[in-house]
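Descriptive structure summary
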Amino acid sequence: MNELVFDAHDENATDRFGAALAAVLPRGTTVALCGTLGAGKTRLVQAIAAACGIPREQVVSPTFVLCQQYLGQPEINHLDAYRVRDEDEFRALGVEELFTSDAITIIEWADRVVHTLPNEYVRIEIDVTGPTSRRITITPIGARYNHVISALESKLSGSLTCDL
Ligand SMILES: Nc1ncnc2c1ncn2[C@@H]1O[C@H](COP(=O)(O)OP(=O)(O)O)[C@@H](O)[C@H]1O
Ligand SMILES: [Mg+2]
């Protein structure tokens, strides 16, 4: 299966993963984030956003506003499906317009709105493996994002070399 499993031992590693991801994701990508409460979905969005020039403090769970836009390079739309009643309510936010935009659109609790996601997207599952460690599994859905895995692998091994 075309997927990548990254074990982040601490938040710095999550930052490193987020930066590598930001570097390889094409504009217009939709990212579906899955994982329990406190898994680190918002924290990973902060890591991706930081790499796009968006200050970390700007990025908080959009639980009440449901959608936030950050002006970075590229722009990021940050959505949270935790409190939406159903997929119709989620669709009514105008998400289809976001999916076809040039921005990176990242959705927390995306498994709750899986039928409303575009045909092709990048799925990321975060599992808690310890107090500061997380297992991040990234899977491209649809052929358009197949290349993301190998690009990410080489980015991550490159940055590992720099860390040594
Ligand atoms: N390696 C790690 N990666 C991401 N978050 C981590 C990590 N280690 C500890 N954490 C902590 O886990 C919590 C994740 O919270 P948050 O990102 O809001 O979760 P979610 O959005 O999935 O509900 C934060 O308090 C963060 O500091
Ligand atoms: Mg969150």
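Below, the structure is looked at part by part. Quantities reported herein were computed from a predicted structural model and do not represent experimental measurements.

**Overview of the overall build of the protein**
Within the protein one finds five helices and seven strands. Sequence-ordered secondary structure for the protein, helices as α and strands as β, is β-α-β-α-β-β-α-α-β-β-β-α. In terms of C-alpha radius of gyration, the protein reaches 15 Å, essentially the compact-globule figure of 15 Å for 164 residues. Principal-axis analysis of the C-alpha atoms places the extent of the protein at approximately 50 × 35 × 30 Å. Burial analysis of the protein (164 residues in total) assigns 49% to the buried set. Expressed as a percentage of contacts within the protein between residues at least 6 apart in sequence, the contacts between residues at least 24 apart total 63%. For the protein, the computed accessible surface area is about 8,100 Å², with 51% contributed by carbon and sulfur atoms. Charge-centre separation for the protein: the mean point of 14 positive side chains lies 3 Å from the mean point of 22 negative side chains.

**Focus on the sheet that holds strand 5 (residues 104-108)**
Across the sheet, which stays open at both edges, the seven strands sit in the order 1-7-6-2-5-4-3 with mixed pairing between neighbours. Of all strands in the sheet, those bounded by a partner on one side alone are strand 1 (4-8) and strand 3 (67-70). In this sheet, neighbouring strand axes are inclined to one another by 20° on average, regardless of whether the strands run parallel or antiparallel. Relative to strand 5, strand 2 (residues 30-34) is paired through four bridges, and the arrangement is parallel. Residue pairing across strands places Val31 opposite Ile106, the latter belonging to strand 5. Most of the contacts of helix 1 (residues 11-24) go to strand 1, to which it runs at about 145°, and overall it touches strand 1, strand 6 (121-128) and strand 7 (134-141). Along the sheet face, helix 2 (residues 41-51) touches strand 2, strand 4 (76-80), strand 5 and strand 6 and points at about 165° away from the line of strand 5.

Conventions we followed
- Residues numbered from 1 in each chain as written.
- Chains lettered and ligands numbered in written order.
- Predicted model: local features only at pLDDT ≥ 70, side-chain atom pairs only at ≥ 80, totals over all residues.
- Heavy atoms only, no water.
- Helix = DSSP H or I, 4+ residues; strand = E, 2+ residues; numbered from the N terminus.
- Rg over C-alpha atoms; globule rule 2.2 N^0.38 Å.
- Buried < 20%, exposed > 50% of the residue type's maximum accessible area, 1.4 Å probe, protein only.
- Contact = heavy atoms within 4.5 Å.
- Areas by Shrake-Rupley, 256 points an atom, 1.4 Å probe, with all protein chains shown as cover.
- Lys, Arg positive; Asp, Glu negative; His and termini not counted.
- Charge placed at Lys NZ, Arg CZ, Asp CG, Glu CD.
- Pairing = 2+ DSSP bridges.
- Axes fitted to C-alpha atoms, helices over the stretch in contact; angles between N-to-C directions.

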